[in-house]
Amino acid sequence: MAGLRLTRAAARHLQLAALGLAGAPDPTTDVAASIAAMGVLQIDTINVVARSPSLVLWSRAGAGAAARLDAALAEGAIAEAWAHEASFVARDDYPLHRRLTLARFRRVARTAADWIAAHPGPVAEVLARLQADGAVRARDFVRERRTRGWWDWSAHKLALEMLFARGDLLVARRDGFQRVYDLHQRVRPDWDDALAPALDTVLDTLVERTVGILGVAAPAWIADYFRLPQREAVARAARLAATGRLLSVHIEDIGPAYLHPARHALAQAAADGSIMPRPAALLSPFDPLIWDRRRLAQLFDFDYRIECYTPAERRRYGYFALPILHAGRIVGRTDLKADRRAGQLLVRTLHLEPDVPDVVPSATALASALADLACWQNTPEIVVAATVAAPRLAEALRHAVPSIRPQQHTAPHGNAVPHR
């Protein structure tokens, strides 16, 4: 197996299968199991279509899993921790991230410790309130003091966030999307910091886990997944390969890479052309497949940046453009908005990659994915803007599947296409 050579297409199929994006969404998938398989589910507050954690789960396990996310947190099946960024992690992975927090290994923990030392007043007030009243939300404090930067958060909100980043507080549950914080010992009374594994063990484990999660990983792709130092990750991967905990493979046009032994059969299936990628999926910009822009460019030939932080006049593809996965390739991106009050899913932009024909076999699959998303978001009318960059594909979408009726009429946002 050490001599296995993968074409780039086979490596793509292997990575999609490993990340849960090759087959159809499995509605029976447990939320905690799905998060454990990905290793980390990044949290982001943008809610143009759906919040990113829910969208990532929906892409893999359907609407039911997305709906069970909050319950899984409240039940303790998953936890919030700083991992890739602020993220949900599986309960069994908590000790790994706890050790990194205790060691102040990640910059966010060091930043938090410095902020806490410099702001004893609001920190003391927050801790006193928690001790006296139990779990709190940021809005439970009077917003009388504001800070510059940090999203204009209040001093109490910052204190809560910094105590969470340093590990003094945990998120007990969510109220809507607002964090409900509590003391670490109350959320995890079963936990003793003496149980945290050694830092060296944690780093080896996370490097090994990253390769397994990605299916196949070039050395340069490993560090970003759990936000490890680049040199540290590359050196540890080489040592793990020398001892047989990772296997060495080669990816066409990319070079040497690593494979986890547990992925042996999956890699062989990818090499044999036995993995059949799903017809289409709409992906969050914060999906594990998407967030490493270098990996995405090298393996999928897809140049992506999220433009919600770009001034509107300089945006090319849209505020929150979702990459479109089709048959093992990323063929384009679409900027969507769920207007729940109007019951409409707005297709504001639709761009295909330069080498993808305007009318493509993906029209039926994309239409089906849009219809599924519209159903999940309770927006029973799909509205395709008249100004989309792929007008023939937009027209094909209107006729692609029976669930989207070929009905056109002028709408405030474009051409509306109701679906059952």
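Anything mentioned here points back to the structure above.
Residues numbered from 1 in each chain as written. Predicted model: local features only at pLDDT ≥ 70, side-chain atom pairs only at ≥ 80, totals over all residues. Heavy atoms only, no water.

**Q** I'd like a rundown of the overall build of the protein chain, residues and numbers included.
**A** Assigned secondary structure in the protein chain consists of 16 helices and 15 strands. For the protein chain, the C-alpha radius of gyration of 23 Å lies close to 22 Å, the compact-globule estimate for 420 residues. Principal-axis analysis of the C-alpha atoms places the extent of the protein chain at approximately 60 × 55 × 40 Å. Among the 420 residues that make up the protein chain, the fraction classed as buried is 56%. Looking at the protein chain alone, contacts between residues at least 24 apart form 65% of all its contacts between residues at least 6 apart. A total of about 17900 Å² of accessible surface is found on the protein chain, and carbon and sulfur atoms cover 52% of it. If you average the places of the 52 positive and of the 44 negative side-chain charges in the protein chain, the two averages end up 2 Å apart. (Helix = DSSP H or I, 4+ residues; strand = E, 2+ residues; numbered from the N terminus. Rg over C-alpha atoms; globule rule 2.2 N^0.38 Å. Buried < 20%, exposed > 50% of the residue type's maximum accessible area, 1.4 Å probe, protein only. Contact = heavy atoms within 4.5 Å. Areas by Shrake-Rupley, 256 points an atom, 1.4 Å probe, with all protein chains shown as cover. Lys, Arg positive; Asp, Glu negative; His and termini not counted. Charge placed at Lys NZ, Arg CZ, Asp CG, Glu CD.)

**Q** So what's going on with the pairing of strand β10 (residues 321-326)? Residues and values would help.
**A** Taken across its six residues, β10 has six buried, putting it largely inside the fold. Both faces of β10 are covered, namely the face carrying A321, P323 and L325 and the face carrying L322, I324 and H326. Bridge count for strand β9 (residues 281-282) against β10 is two bridges, and the pairing is antiparallel. Across the sheet, the residue bridging to A281 is L325, located in β10. Here β10 runs beside strand β11 (residues 329-339); their pairing, made up of six bridges, is antiparallel. (Pairing = 2+ DSSP bridges.)

**Q** I'd love a proper account of the nonpolar core, names of residues and values included.
**A** Counting 138 residues, the largest nonpolar core has Y225, L282, L289, L336, L370 and L373 as the members making the most contacts within it. Ignoring sequence-local partners within four residues, the contact set of L282 consists of W58, S59, L322, P323, I324, T334, L336, L366, A369, L370 and L373. (Core = buried A, V, L, I, M, F, W, Y, C linked by side-chain atoms within 4.5 Å.)

**Q** Talk me through the pattern of salt bridges; I want residue IDs and the actual numbers.
**A** Note on pairing: side chains with opposite charge can pair once their charged atoms come close. One pass over the structure, following the stated rule, counts 25 salt bridges. One salt bridge connects R329 with D355, and the closest N-O pair in it is separated by 3.0 Å. Here the residue R329 occupies a position in strand β11, and D355 occupies one in the loop between β12 (344-352) and α15 (362-376), the gap between them amounting to 26 residues. Residue D355 is classed as exposed on the basis of its relative accessible area, which comes to 53%. Through salt bridges with shared partners, a single network forms among E80, K157, E161, R174 and R179. (Salt bridge = Lys/Arg side-chain N within 4 Å of Asp/Glu carboxyl O.)

**Q** Requested: an account of the packing of helix α1 (residues 8-18) against helix α14 (residues 293-300), with residues and values cited.
**A** The geometry of a pair of packed helices is captured by two quantities: the angle between their axes and the separation between those axes. Two numbers describe how α1 lies on α14: the axes approach to 9 Å, and their chain directions differ by 135°. When the axis of α1 is compared with that of α14, the two are oblique. Each of R8, A11, R12, Q15 and L16 in α1 lies in contact with α14, whose residues at this interface are R295, A297, Q298, L299 and F300. Per-class residue counts for the contact of α1 with α14 are five nonpolar, two polar and three charged. (Axes fitted to C-alpha atoms, helices over the stretch in contact; angles between N-to-C directions. Parallel < 35°, antiparallel > 145°, perpendicular 65-115°, else oblique. Nonpolar A, V, L, I, M, F, W, Y, C, P; charged D, E, K, R; others polar.)

**Q** Can you tell me about the sheet that holds strand β4 (residues 86-90), naming the residues and giving the values?
**A** Pairing is antiparallel in the open sheet, where three strands are placed in the order β2-β4-β3. The open sheet has two edge strands with one neighbour each: β2 (41-42) and β3 (78-82). In this structure, β2 lies alongside β4, joined through two bridges in antiparallel fashion. Note that in β4 the partner of Q42 across the bridge is S87.

**Q** I'd like to hear about unusual backbone geometry, residue by residue, with values.
**A** What is expected of a backbone is that most residues other than glycine have negative phi and most peptide bonds are trans. Even without a glycine there, the phi angle at D301 is positive, about 55°. For N378, which is not a glycine, the phi torsion comes out positive at approximately 55°.

**Q** Could you give an account of the packing of aromatic side chains, naming the residues involved and the relevant values?
**A** With the rule as written, the count across this model stands at six aromatic pairs. Look at F286 and F320: their rings are 6.4 Å apart centre to centre, the planes differ by 40°, and that puts the pair in the tilted class. You can see F286 sitting in the loop between β9 and α14 and its partner F320 sitting in the loop between α14 and β10, a full 34 residues away along the chain. The burial state of F286 is the same as that of F320; both residues are buried. Of the aromatic side chains, those joined through ring pairs into one cluster are Y225, F226 and W291. In this arrangement the basic side chain of R51 is found over the ring face of F177, its NZ or CZ atom lying 4.2 Å from the centre. Above the ring of Y317, the side-chain terminus of R333 is found at 4.0 Å from the ring centroid. (Phe/Tyr/Trp six-rings, centres within 6.5 Å; stacked < 30°, edge-to-face > 60°. Lys NZ or Arg CZ within 6 Å of the ring centre and 35° of its normal.)

**Q** If you had to explain the pairing of β11 to someone new, which residues and values would you point to?
**A** Counting buried residues in β11 gives nine out of 11 residues, a clear majority hidden from the surface. Counted along the chain from β10 to the antiparallel partner β11, the turn is two residues long, and its residue A327 has a positive phi close to 50°. Direction of pairing for β11 relative to β12: antiparallel, over a ladder of eight bridges. Paired with L336 across the strands is V347, a residue of β12. The turn linking β11 back onto β12 is made up of four residues, and G343 within it adopts a positive phi angle of 70°.

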